[in-house]
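Each chain, letter by letter, is given below.
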Amino acid sequence: MEDFDELVSSLTPREDNEAIKSYQNTTAVACPSCEQPFDDMVVCKQEFTSLNLDFEMDLCTTVHDGNVVLFTHK
């Protein structure tokens, strides 16, 4: 994903720990995978990462610098 830094600069940081880094899409940026606005972007920093989701949602995925990047759509 070549425009990753530009994308991150448009998002609001929410969580950063050893497993993930998450951002909230507060400006209705389009998902690079499906071109629809997304709710959150989650960068998985570890090879195996679990997500505890409170409810079912659609996910789009891509890879940046060897890390899986998830885009949530509620």
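See above for the structure.
All figures in this text were calculated on a predicted structure; none of them were measured in a lab.

Chemist: Got a minute to help me understand the pattern of salt bridges in this structure?
Modeler: Should their charged atoms come close, side chains of opposite charge can pair. Applying the stated criterion across every chain yields a total of three salt bridges. When the shortest N-O distance is used, the salt bridge between Asp 16 and Lys 45 registers 2.4 Å. Residue Asp 16 is located in strand S1 (residues 12–16), and its partner Lys 45 is located in the loop between strand S3 (40–44) and strand S4 (58–64); the two are separated by 29 residues in the primary sequence. Judged by its relative accessible area of 36%, Lys 45 is partly exposed. Taken together, the salt bridges that share partners define one network made up of Asp 16, Lys 21 and Lys 45.

Chemist: In this structure, what is going on with the state of the cysteines? I would like to understand it.
Modeler: Disulfides are covalent bonds that link the sulfur atoms of two cysteine residues. If you walk through the whole model with that rule in mind, you get zero disulfides. This cysteine, Cys 31, is not joined by any disulfide, and Cys 60 carries the nearest cysteine sulfur, 3.9 Å off. Cys 34 supplies the cysteine sulfur nearest to Cys 60, a cysteine that is in no disulfide, at a spacing of 3.8 Å. Cys 60 gets classed as buried once you look at its relative accessible area, which sits at 15%.

Chemist: Looking at this structure, how should I read the packing of aromatic side chains?
Modeler: A ring pair, where both rings are aromatic, is described by two values, the distance of the centres and the angle of the planes. Evaluated as defined, the whole model comprises one aromatic pair. Between Phe 38 and Phe 71 the ring centres are 5.0 Å apart and the planes differ by 75 degrees, which places this aromatic pair in the edge-to-face class. Taken together, the residues span a long stretch of sequence, with Phe 38 in the loop between strand S2 (20–24) and S3 and Phe 71 in strand S5 (residues 67–73) at a distance of 33 residues. Across this residue pair, the class does not change: Phe 38 and Phe 71 are buried.

Chemist: For this particular structure, what's the right way to read the environment of Asn 67?
Modeler: Residue position: Asn 67 is located in strand S5. Given a relative accessible area of 24%, Asn 67 falls into the partly exposed group. Expressed as a C-alpha distance, the spacing of Asn 67 and Ile 20, which sit 47 residues apart in the sequence, is 9.9 Å. In this structure, Asn 67 is in contact with Val 43, Cys 44, Lys 45 and Thr 62, ignoring residues within four places of it in sequence.

Chemist: When you look at the nonpolar core in this model, what are you seeing that I'm missing?
Modeler: For soluble globular proteins, the rule of thumb is that nonpolar side chains tend to be buried together. Ranked by size, the top nonpolar core spans 12 residues in total: Phe 4, Leu 7, Leu 11, Tyr 23, Val 29, Cys 31, Phe 38, Met 41, Val 43, Cys 60, Val 69 and Phe 71. Ranked by size, the runner-up nonpolar core spans five residues in total, among them Ile 20, Val 42, Cys 44 and Leu 70.

Chemist: What exactly am I supposed to notice about the sheet that holds S2 here?
Modeler: Neighbouring strands of a sheet are bound in pairs by backbone hydrogen bonds; such pairs are parallel or else antiparallel. With antiparallel pairing, the five strands of this open sheet are ordered in space as S1-S2-S3-S5-S4. Of all strands in the sheet, those with a lone pairing partner are S1 and S4, marking the two edges. Sheet twist, expressed as the average angle between the axes of neighbouring strands with direction ignored, equals 20 degrees. As paired elements, S2 and S3 share five bridges and run antiparallel to each other.

Criteria and thresholds
- Residues numbered from 1 in each chain as written.
- Predicted model: local features only at pLDDT ≥ 70, side-chain atom pairs only at ≥ 80, totals over all residues.
- Heavy atoms only, no water.
- Salt bridge = Lys/Arg side-chain N within 4 Å of Asp/Glu carboxyl O.
- Helix = DSSP H or I, 4+ residues; strand = E, 2+ residues; numbered from the N terminus.
- Buried < 20%, exposed > 50% of the residue type's maximum accessible area, 1.4 Å probe, protein only.
- Disulfide = S-S within 2.5 Å.
- Phe/Tyr/Trp six-rings, centres within 6.5 Å; stacked < 30°, edge-to-face > 60°.
- Contact = heavy atoms within 4.5 Å.
- Core = buried A, V, L, I, M, F, W, Y, C linked by side-chain atoms within 4.5 Å.
- Pairing = 2+ DSSP bridges.
- Axes fitted to C-alpha atoms, helices over the stretch in contact; angles between N-to-C directions.

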